[in-house]
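Coordinates in review
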Amino acid sequence: MSDPRMIAREARARYDAFKKAPVSLDITRGKPSAEQLDLSNELLAILKPSDFRAADGTDCRNYGGLEGLPEMRALFGAIFEVPAAQVVVGDNASLTLMYETLALAMAHGVPGGAGAWSAQKPRFLCPSPGYDRHFAICEDLGIEMILVPYKGRDPDMEMVERLVKSDPRIKGMWLVPKYNNPTGTTLSDECVRALAKMECAAPDFRIIWDNAYVVHHLSETPDALLSGYAAGVEASQADRFVLYSSFSKVTLAGAGVSAMAGSKANMDWLLLHRSKATIGPDKVNQLRHVRFLKDLNGVTAHMRKHAAILKPKFEMVERILKREIGDTGLATWTKPNGGYFVSLDTKPGQAARVCKMAAEAGLKLTPAGSAFPYRKDPQDQNIRIAPSFPPLAELEKAMEILSVAVLCSAEA
Ligand code: PLP
């Protein structure tokens, strides 16, 4: 390995040159690129004026159909690996369904519990690095967050088991089981089984199983994930896992279709309260999606087109990080098999400084600490890279700036 002083000096000279010719680049959020959105343009005109009836004759233009069109429930049922009757279809954002679930739990409690969570000072386990918007929901609703670190691909299960067994205030846990945002990891079978079996002091413990990236593979050998719901049923804990996903990153990020699934008790509970909030979801959009995607094979074929656009971007990130940082020991990063992110770890105590330096050279990154409860990364070392949105040439420049900012920490 080269002399750290030399690395830092050379990097500083390159960084100063970047600063003299500042750019305006943004790799903060996992947004699909315009090229990806174009893959679904057909959706915009797929329904002819006479095409507004679902397979069961439902007039999709009208009110009603709270649980969703049967064909859309069947499609999400196939994705979730649960019977269609246990799927509830939402509108465009699964995040709304997650927020709704926890807001309802706070207000009313959930099946099997002792009433409103808000009266029980609820706590949630937050495996981290995780999805910042999950943590924002907890903060918004006043649910205390407890950070659980990842140990490889799984959360520290010894810690999880110990905490949930002893503390009845711990009401649940966030998980992105496949291609986690931002680490890209998929839970092991042992972990899924342990989550289903573990003894919880709270009888109404819920795992928010956010399978946002369930069909978002980057390779032809995708990660395999054991069904959390099936593991729960096997362990006589059918109510424990509540499943969420959406077509936001399948079709149009702002106009997709979301869904949730789980035990009959959980879905009946949700529908009971939902019926007070809406007369029914946007069935026209559901019908458009069914016409466009057709079935699970249609979804899989469509996702290959996304992968063809995304793969070169992930390869670019890997190439530049390897070329610039390589085995200096100044950072490690993930090489995901799917999802939307690369997660980079600097040396402890360097992430905030690297993000600040990048910003001063015109590169916006998700603020350091974002992937942790209360935005506090205890090690100040994690940086999330979202390569999907910028064109390749911009991404290359962005990765060079980030790498040089990392190299500047050689002497730190
Ligand atoms: N869940 C995870 C893990 C995500 O990364 C995202 C978006 O980045 C979402 C949910 C948002 O999903 P939706 O568009 O369905 O609200």
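Residues numbered from 1 in each chain as written. Predicted model: local features only at pLDDT ≥ 70, side-chain atom pairs only at ≥ 80, totals over all residues. Heavy atoms only, no water.

1. Considering the overall build of the protein chain
Scanning the protein chain from N- to C-terminus turns up 13 helices and 13 strands. Relative to the globule expectation of 22 Å for 412 residues, the C-alpha radius of gyration of the protein chain, 22 Å, shows essentially globular dimensions. Considered along the principal axes of its C-alpha atoms, the protein chain spans approximately 70 × 55 × 35 Å. Across the 412 residues of the protein chain, 57% fall into the buried class. Here the analysis covers contacts within the protein chain between residues at least 6 apart in sequence; of these, 77% occur between residues at least 24 apart. (Helix = DSSP H or I, 4+ residues; strand = E, 2+ residues; numbered from the N terminus. Rg over C-alpha atoms; globule rule 2.2 N^0.38 Å. Buried < 20%, exposed > 50% of the residue type's maximum accessible area, 1.4 Å probe, protein only. Contact = heavy atoms within 4.5 Å.)

2. Structural notes on the site of the ligand
As a structural note, the neighbourhood of the ligand is formed by Ala93, Ser94, Leu95, Tyr131, Val176, Asn181, Asp210, Ala212, Tyr213, Ser246, Ser248 and Lys249. In the model, a nitrogen atom of the ligand is placed 2.5 Å from a nitrogen or oxygen of the Asp210 side chain. Within the side chain of Ser248, a nitrogen or oxygen atom sits 2.6 Å from an oxygen atom of the ligand. When grouped by side-chain class, the residues that make up the shell around the ligand number 6 nonpolar, 4 polar and 2 charged. (Near = heavy atom within 4 Å. Polar contact = N/O pair within 3.5 Å; in protein donor to acceptor, adjacent residues only side chain to side chain. Nonpolar A, V, L, I, M, F, W, Y, C, P; charged D, E, K, R; others polar.)

3. Side note on the pattern of salt bridges
Per the counting criterion, the structure on display carries 16 salt bridges. Among the ionic pairs, Glu324 bridges to Arg323, the shortest N-O distance being 2.9 Å. What makes Arg323 partly exposed here is its relative accessible area of 47%. With its nearest N and O atoms 3.1 Å apart, the salt bridge here joins Glu400 to Arg323. Taken together, the residues Glu400 in helix α13 (residues 392–407) and Arg323 in helix α11 (residues 296–324) connect sequence positions 77 residues apart. Through salt bridges with shared partners, a single network forms among Arg14, Arg323, Glu324 and Glu400. (Salt bridge = Lys/Arg side-chain N within 4 Å of Asp/Glu carboxyl O.)

4. Notes on empty space enclosed by the protein
Picture a little ball the size of a water molecule; that probe, rolled over the atoms, points out where space is still empty. For the structure shown, the criterion picks out 4 cavities of 30 Å³ or more. Approximately 80 Å³ is the volume found for the largest cavity. Gly130, Asp132, Thr366, Pro367, Ala368, Gly369, Ser370, Ala371, Phe372, Asn382, Ile383 and Arg384 are the residues that line the largest cavity. (1 Å grid on protein atoms, 1.4 Å probe; cavity = no way out; pocket = protein on both sides within 12 Å on 5 of 7 lines; lining within 4 Å. Points joined across faces, edges and corners; volume = space filled by probe spheres on them.)

5. Digging into the packing of aromatic side chains
Evaluation of the coordinates by the stated rule reveals 7 aromatic pairs. Where Tyr213 meets Phe341, the ring centres are 6.5 Å apart and the plane angle is 85°; that geometry is what we call edge-to-face. You can see Tyr213 sitting in the loop between β7 (206–210) and α8 (228–234) and its partner Phe341 sitting in the loop between β10 (331–333) and β11 (342–346), a full 128 residues away along the chain. The same class applies to Tyr213 and to Phe341, which are both buried. (Phe/Tyr/Trp six-rings, centres within 6.5 Å; stacked < 30°, edge-to-face > 60°.)

6. Topic: the sheet that holds β11
The antiparallel open sheet is built from 3 strands, whose spatial order is β10-β11-β13. Looking at strand neighbours, the two that pair on one side only are β10 and β13 (382–385), the edges of this open sheet. Going across the sheet, the axis of each strand differs from the next one's by a mean of 20°, ignoring polarity. Contacting β10, β11 and β13, α13 runs over the sheet at an angle of about 170° to β13. (Pairing = 2+ DSSP bridges. Axes fitted to C-alpha atoms, helices over the stretch in contact; angles between N-to-C directions.)

7. Observations concerning the pairing of strand β6 (residues 170–175)
The buried fraction of β6 is high, at 6 of 6 residues. Sheet topology places strand β3 (residues 123–128) next to β6; 3 bridges connect them, and they run parallel. Its bridge partner lying in β6, Phe124 is registered against Gly172. Two strands pair when backbone bridges link them, and β6 and β7 are joined in this way by 4 bridges, in the parallel orientation. Across the sheet, the residue bridging to Met173 is Ile207, located in β7. Taken together, β6, helix α7 (residues 189–197) and β7 form a β-α-β motif whose crossover is right-handed. (Right-handed = clockwise from strand over helix to strand, strands pointing away.)

8. Re unusual backbone geometry
In the segment running from Ser128 into Pro129, the intervening peptide bond is cis, with an omega of 5°. Cis geometry is found at the peptide bond from Asn181 to Pro182, where omega equals 10°. Residue placement: Pro182 occurs in the loop between β6 and α7. Its identity as a non-glycine residue notwithstanding, Tyr374 has a phi of 60°, on the positive side. Secondary-structure assignment places Tyr374 in the loop between β12 (363–364) and β13.

9. Some words on the domain arrangement of the protein chain
For the protein chain, the assigned domains read domain 1 (4–30 + 300–411) and domain 2 (53–294). For domain 1 versus domain 2, the separation of C-alpha centres amounts to 30 Å. Taken together, the contacts link 30 residues of domain 1 with 32 residues of domain 2. In this assembly, domain 1 packs against domain 2 so that about 2,600 Å² is buried in total across both faces, 58% of it on carbon and sulfur atoms. Three residues, Met303, Asn337 and Tyr374, lead the burial of domain 1 against domain 2; their summed loss comes to 25% of the area buried on that side. Across the contact surface, domain 1 and domain 2 share 3 salt bridges. Arg304 is the partner of Glu220 in a salt bridge, and the nearest nitrogen-oxygen pair spans 3.3 Å. Scanning the region where domain 1 abuts domain 2 turns up 14 residue pairs in polar contact (both at pLDDT 80 or more). It is α11 that provides the largest number of residues to the side of domain 1 that touches domain 2, a total of 8 residues. Classifying every residue of the side of domain 1 that touches domain 2 gives 13 nonpolar, 11 polar and 6 charged. (Domains from an automatic or database assignment. Buried area = accessible area lost by both parts, 1.4 Å probe.)

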